[in-house]
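# Observations on the three-dimensional arrangement
One letter stands for each residue in the lines below.
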Amino acid sequence: MDISSASTVVLQTLTQAASQDTAVLKPAEEQLKQWETQPGFYSALLNIFTNHALDINVRWLAVLYFKNGIDRYWRRIAPHALSEEEKSSLRAGLIANFNEPVNQIATQIGVLIAKVARLDCPRHWPELIPTLLESVKVQDDLRQHRALLTFYHVTKTLSSKKLVADKKLFQDLASGIYSFACSLWNHHTDTFLQQVYTGDASAIHSLERTLLSLKVLRKLTVHGFVEPHKNLEVMEFLNTVFERLKQFLECRRQVNQENMCNEKLEKTIILFTKVLLDFLDYHPFSFISLIQRSLEFAVSYVFTGAGEGVVFERFIVQCMNLIKMIVKNESYKPAKNTEESKPETLEAHKIKIHFFNYSTLTEICRRLVSHYFLLTPEELSMWEDDPEGFAVEEAAGDSYKYSLRPCTEVLFLDIFHEYSQTLTPVLLEMVQNLHGPTNVDNTVGLVVKDAVYNAIGLAAYELFDSVDFDQWFNSQLLAELQVTHIRYKLIRRRVIWLIGQWISVKFKSELRPMLYEAILNLMQDQDRVYLENIFSLLFHLLQEVTECDTKMHVLHVISCVIERVGMQIRPYVGCLVQYLPLLWKQSEDHNMLRCAILTTLIHLVQGLGADSKNLYPFLLPVIQLSTDVSQPPHVYLLEDGLELWLVTLENSPSITPELLGIFQNMSALLELGSENVRTCFQIINAYIFLTSSEFLQNFAAGLCQSFCELMQDITTEGQVQVLKVVENVLKVNPILGPQMFQPLLPSVLKGILDGEKYPVVMSTYLGIAGRVLLQNMGFFSSLLNQIALELNQEMEQLLGNIIEMWVDRMDNITQPERRKLSALALLSLLPSENSCMVMSHFEEQKVSDDEEPPTEQDRRKKLLALKDPVHSVSLQQFVYEKLKAQQELLGEQGFQSLMESVDTEVIRQLQGFLQKL
């Protein structure tokens, strides 16, 4: 592609690709896709997005295409890789001018420079860092900011690399620029503070530079040093963080009054806390000298009056997280035999003991319960107006990382667990002060009691020996459940929750009838005492009522009962099983009632387990109708029908022709591509585990075709679901599986070669490749040969490129089974011209009363695992045998020469691994 003429043509096509008219947009996108592998295309893109006179949308597109191209074609081993000459020119152009006027585009340019740096810096791009360091010194505000923005993205990206050699390079970089980074940050920080107190309007710009330079320092400090406590500059910076935090918090008080740049100021304050939290997480021993100061700072602002008027919720959460991480840190907990503990651990423990004295612990505990546990006026209002919404919000908050209430409760539990001997009397005193019912007109008293009861419930396991819960239940809690006043519902709710917390800890069985009676009173339903009575009454009610809505409500309650009691329902369902086919027929014109029947059947199948096979004459036609997209009722029944299909397969002891025949509905369902596609994939997997050979012989060809079509237009999550099905096929049928799904496999190896950027997709690619390589090497070789011919590469070179990428992306694999599979697969290539996860036998799983019993599919998976090399082969023994074979092939001298080329850290880990044999 001739650059002089290319830029004009590419510009015109990008303009069309930015159009809202699909008739113009689609051909342009196709053309751009064809150009991706053409020499000069990325040079043309660079010319376009650095031309500030052009339309912003077109420039934005140019940046995105350039960024995506880095992922696909920048690596030297990638198919259609960019030439070294063009890459050299592009690198020079990217850092020629830091003057992008549009923030969003500037950010994207910074990200793409960082992507190139990840691959080329410093070996092929030694001038990048010096150029950035010089550029952040310039007086031009725009250039300085853009250079600093790029500097941050480069630092962030380089710090994330995991290989030993890459870590060493980043540490060398950090040592060389740390002093400069500190002085840069101090300069911008001082400038901002001076400007904000004098009312200078440019303070917001200085704050932006302060934030960026602090982000750089965070990465350098946390990832740039092996033993950071030995570096005076690092520790000086960390100690300065506390002083700066105080300055910025006080500054926020003034900014609040003047309504200036408050949002960015809060971001900077939070970033200070992230520096401390990250440093503690990565370097707990280096953090020891900061423990005392960190605790003093956090406790002062969160648990005393020092924080009034300056703290905000996210900052309080971060301070609580800092306290929690210090309290829970395993590195600071001595062994039972103190002589076995490191001196650093003992030192940290001593600091903690000194700080967390009786007075401090008491104040923290009281403040947590009496201040942070209190329901706010907003929460109380929501509880009155929308109790269901309140419950949903409360449940969501429990999993929200930065929500104050769950964070407060976790800190309370951690501190109480660590210092229970000191805090138990404090909490019991708070309970004793609340003896007897609270006046319903005393709103504050009700909220305080709710908070204290919350604390007692959370600490149930810690208070086991200190609270006579049975006596408390009899003397107070039972009476509180019987207070019927509308304002007392807050306490009734908390008491029921509190009993739920304690019932598995300490609650006599003879007291349970009284509890059930109290609960039934709350439910205003006196007749449901025993399971048999409940089910009988519900069934007769279902038969007697005539209104469709009423039948739906009764079915819903029946479903809840069946779901709750599980297998215990089996003796009582005979009458229901006989009645449901009649009800299904009667409800032909009432699709919503049929949905309720489907839900009941789902729980019924789960309760019956393998015995659900007796329902097949009624059950399978229901599934067939509900999941047939050519039938009008599927609009209402499909979601529940698919769920019923899945649980039927999971609980089926064996396949039947009728159950296999329902799969004819699947092809149309996959074409539909609705939100139910995840359940469809689960159904496909269930068939594979139930009857792989028969299922694959009948449906593999059509399924493979459907998958090939899906992969062309599906989300990343959808791609992973398809690939997992293929992976399961290879797992259960390693010989025929690769042949049946052969059309999909070349794209897997090519995806590995291209360095697939989504970690989950790459992990699945490697899992599939590992299966084929380990269990069907002949097919792997033929597949490799096919791709080598397509790409016009030598097969040995192609294999080398795959292995190089495989090793580079091993960190993408988070599942232990897949990591071991990759290790076994790569080792299976040796020689070339741990007992971990090993299962020795099958034990039937023992199930306690409160656990779900294993389904038939669970048993099938367990038996499959016994034959899977991932679980049946010792990794340690396999490594040893393969290395021994390689040594015999190369001879002692050749093998020693090979091992000398391996990274020393890898050798050390390998020796430690093999010593366990």
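Further up the page is the structure itself.
Since the model is a prediction, treat every value here as computed from it, not as a measurement. (Residues numbered from 1 in each chain as written. Predicted model: local features only at pLDDT ≥ 70, side-chain atom pairs only at ≥ 80, totals over all residues. Heavy atoms only, no water.)

### What about the overall build of the protein?
The following threshold applies: Per the convention used, a helix needs a DSSP run of H or I reaching at least four residues, while a strand needs a run of E reaching at least two, with both numbered from the N terminus. A 1.4 Å probe rolled over the protein chains alone gives each residue an accessible area, and that area as a share of the maximum for its type sets the label: buried under 20%, exposed over 50%, partly exposed in between. For the accessible areas, the method is Shrake-Rupley and the probe is 1.4 Å, while residue cover comes only from the protein chains on display.
A tally of regular secondary structure across the protein gives 44 helices and 0 strands. Across the 917 residues of the protein, 50% fall into the buried class. Carbon and sulfur atoms make up 51% of the accessible area of the protein, which totals about 44,400 Å².

### Quick word on the pattern of salt bridges
A side chain with one charge may pair with a side chain of the opposite charge, provided their charged atoms come close. Let me state the cut-off plainly: By definition, a salt bridge exists where a carboxyl oxygen of Asp or Glu is found within 4 Å of a side-chain nitrogen of Lys or Arg.
Applying the stated criterion to the full structure yields 29 salt bridges. Across the pair Glu84 and Lys87 runs a salt bridge whose closest N-O atoms are separated by 3.1 Å. Taken together, the positions of Glu84 and Lys87, both in helix H5 (residues 84-94) and 3 residues apart, correspond to about one turn of that helix. The buried category is assigned to Lys87, whose relative accessible area is 3%.

### A look at the nonpolar core
Basically, it comes down to this: As used here, the term nonpolar core means buried Ala, Val, Leu, Ile, Met, Phe, Trp, Tyr and Cys residues forming a set that is joined through side-chain atoms within 4.5 Å.
Counting 176 residues, the largest nonpolar core has Phe66 and Phe412 as the members making the most contacts within it. Element by element, the count of residues in this core is highest for helix H9 (residues 164-198), at 13 residues. Listed in part, the 100 residues of the second largest apolar core include Ala596, Ile597, Ile602 and Leu745.

### Section: helix H19 (residues 404-418)
Where we set the bar: The span expected for a helix works out to 1.5 Å for each residue beyond the first.
Compared with an ideal rise of 1.5 Å per residue, which puts 15 residues at 21 Å, H19 spans 21 Å between its outermost C-alpha atoms and is within 8% of the ideal. Within H19, 11 of the 15 residues are buried, which leaves the element mostly enclosed by the surrounding structure.

### Examining unusual backbone geometry
In most cases, non-glycine residues show a negative phi, while peptide bonds are predominantly trans. The amide bond that connects Cys121 to the next residue, Pro122, takes the cis arrangement and shows omega of 5°. Within the fold, Pro122 resides in the loop between helix H6 (103-120) and helix H7 (128-135). Even without being a glycine, His80 presents a positive backbone phi close to 60°. Its place among the elements puts His80 in the loop between helix H4 (56-73) and H5. Even without being glycine, Asn792 reaches a positive phi, approximately 55°.

### Focus on the state of the cysteines
Here is the rule: The rule for a disulfide is simple: a pair of cysteine sulfur atoms within 2.5 Å.
Counted according to the given criterion, the structure contains 0 disulfides. Residue Cys708 stays outside any disulfide, its sulfur separated by 4.3 Å from that of Cys704, the closest cysteine. Residue classification places Cys708 among the partly exposed positions, given a relative accessible area of 25%.

### Details of the side chain of Glu208
In plain terms, the rule: N or O atoms closer than or at 3.5 Å make up a polar contact, with two conditions inside protein: a donor-capable atom paired with an acceptor-capable one, and, for residues adjacent in sequence, both atoms drawn from side chains. Here, residues are in contact when the closest pair of their heavy atoms is within 4.5 Å.
Tracing the sequence through the fold places Glu208 in helix H10 (residues 203-223). A relative accessible area of 18% means that Glu208 is categorised as buried. A polar contact is formed between the side chain of Glu208 and the side chain of His145, at a distance of 3.3 Å. Here the side chain of Glu208 touches Lys264 through a polar contact of 3.0 Å, side chain to side chain. Ignoring anything within four residues of it in the chain, the contact list for Glu208 reads His145 and Lys264.

### Observations regarding H9
Counted only if it meets this: The bend reported for a residue corresponds to the angle between axes fitted to the seven residues ending at that residue and the seven starting there.
With 35 residues, H9 ought to run about 51 Å at 1.5 Å a step, and its terminal C-alpha atoms sit 48 Å apart, in line with that. Bending of H9 peaks at approximately 50° at the position of Ile177. Among the residues trailing H9, Gly199 stands out with phi positive, at a value near 80°.

### Digging into the side chain of Asp278
Secondary-structure assignment places Asp278 in helix H12 (residues 262-282). Of the polar contacts made by the side chain of Asp278, one reaches the side chain of Arg218; its length is 2.7 Å. Look past the residues within four positions of Asp278 in its chain and what remains in contact with it is Arg218 and Val222.

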